[in-house]
Amino acid sequence: MGCNAVNPALGYALFDTALGRCGLAWGAAGLRAVQLPEVDDAATVARLLRFSGPCDAAAPTAEAAAAIQGIQALLQGQPLDLCEVRLDMAHLSEFHQRVYALTRAIAPGQVRTYGDLAQALGGEGLARAVGQALGLNPFAPVVPCHRVLAAGFQSGGFSATGGAHTKLRMLQIEGAHWGETQSLPGF
């Protein structure tokens, strides 16, 4: 028996974007997880449910449908911050919540480094912990971890399928640039 039979407020849906089919899971307290495309729908659902917990496919709630529209628009290049999307972070550590809150404050088209976030959290010695928290981000791209780069504004890692290539593609869609003349390479 899936969670919808127990709690109809929980569910997930897959939806098409410019990057491929993404997934989104929701509950009464907001989004429980968002998943960028994996190699196929089954892999996307499996990874989504690893973050969200068990639930069944369902028609999105009004709130989930609005989040889907926002994600689709963002991945089409509209400069949205998606800060209006409620996230259920009750299952996350306080540190991860703080990292995700700082990351959500990075505007579309802008980038920061792991060190920048670490400094804002109390010291550059936290850069590795910031990177680990972002590697476990259950809400990409609502928590836009693709906007966080390694030292020297190098791409660094990215846990989505395609790795750094996907990260750079997302930044290119947003028209991101940094420094006076440096911009993202074309694909």
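Provided above is the structure to which this section pertains.
Residues numbered from 1 in each chain as written. Predicted model: local features only at pLDDT ≥ 70, side-chain atom pairs only at ≥ 80, totals over all residues. Heavy atoms only, no water.

Asks: Looking at this structure, how should I read the sheet that holds strand β2 (residues 20–27)?
Replies: Working definition: the strands of a sheet are paired by backbone hydrogen bonds and lie parallel or antiparallel to each other. Pairing in this open sheet of three strands is antiparallel, and the strands run β1-β2-β3 from one edge to the other. Each edge of the sheet is formed by a strand with only one pairing partner; in this case those strands are β1 (11–17) and β3 (30–35). In this sheet, neighbouring strand axes are inclined to one another by 25° on average, regardless of whether the strands run parallel or antiparallel. For β1 and β2, the ladder comprises seven bridges, and the chain directions are antiparallel. Pairing of Leu-14 across the sheet is with Gly-23, part of β2. Set on the sheet, helix α2 (residues 41–52) makes contact with β1, β2 and β3; between it and β3 the angle comes to about 140°. (Pairing = 2+ DSSP bridges. Helix = DSSP H or I, 4+ residues; strand = E, 2+ residues; numbered from the N terminus. Axes fitted to C-alpha atoms, helices over the stretch in contact; angles between N-to-C directions. Contact = heavy atoms within 4.5 Å.)

Asks: Is there a simple way to explain the pairing of β3 in this structure?
Replies: Along any regular strand, the residues point their side chains to alternate faces of the sheet. The buried fraction of β3 amounts to five of the six residues, a majority that puts the element mostly inside the structure. Where β2 lies against β3, five bridges are found, and the strand directions are antiparallel. Counted as the bridge partner of Ala-25 is Ala-33 from β3. Here β2 hands over to β3 after two residues, the two strands then running antiparallel side by side. (Buried < 20%, exposed > 50% of the residue type's maximum accessible area, 1.4 Å probe, protein only.)

Asks: Would you mind showing me how to read the pattern of salt bridges here?
Replies: Any two side chains of opposite charge can pair if their charged atoms end up close together. Tallied over the full model, the rule gives six salt bridges. Notably, a salt bridge pairs Arg-147 with Glu-174, separated by 2.9 Å at the nearest N-O pair. Placement of Arg-147 in the loop between α6 (127–135) and β5 (148–149) and of Glu-174 in helix α7 (residues 163–174) is noted, with a sequence separation of 27 residues between them. For the pair Arg-147 and Glu-174, a shared accessibility class is recorded, and that class is buried. Within the structure, one salt-bridge network assembled from shared partners comprises Asp-16, Arg-21 and Asp-41. (Salt bridge = Lys/Arg side-chain N within 4 Å of Asp/Glu carboxyl O.)

Asks: So what exactly am I meant to see when it comes to the side chain of Glu-174 here?
Replies: Using a relative accessible area of 14% as the deciding quantity, one classes Glu-174 as buried. For Glu-174, the side chain forms a polar contact with the main-chain nitrogen of Gly-109, separated by 3.0 Å. There is a polar contact of 2.9 Å between the side chain of Glu-174 and the side chain of Arg-147. Excluding residues that lie within four positions of it along the chain, Glu-174 makes contacts with Leu-74, Pro-108, Gly-109, His-146 and Arg-147. (Polar contact = N/O pair within 3.5 Å; in protein donor to acceptor, adjacent residues only side chain to side chain.)

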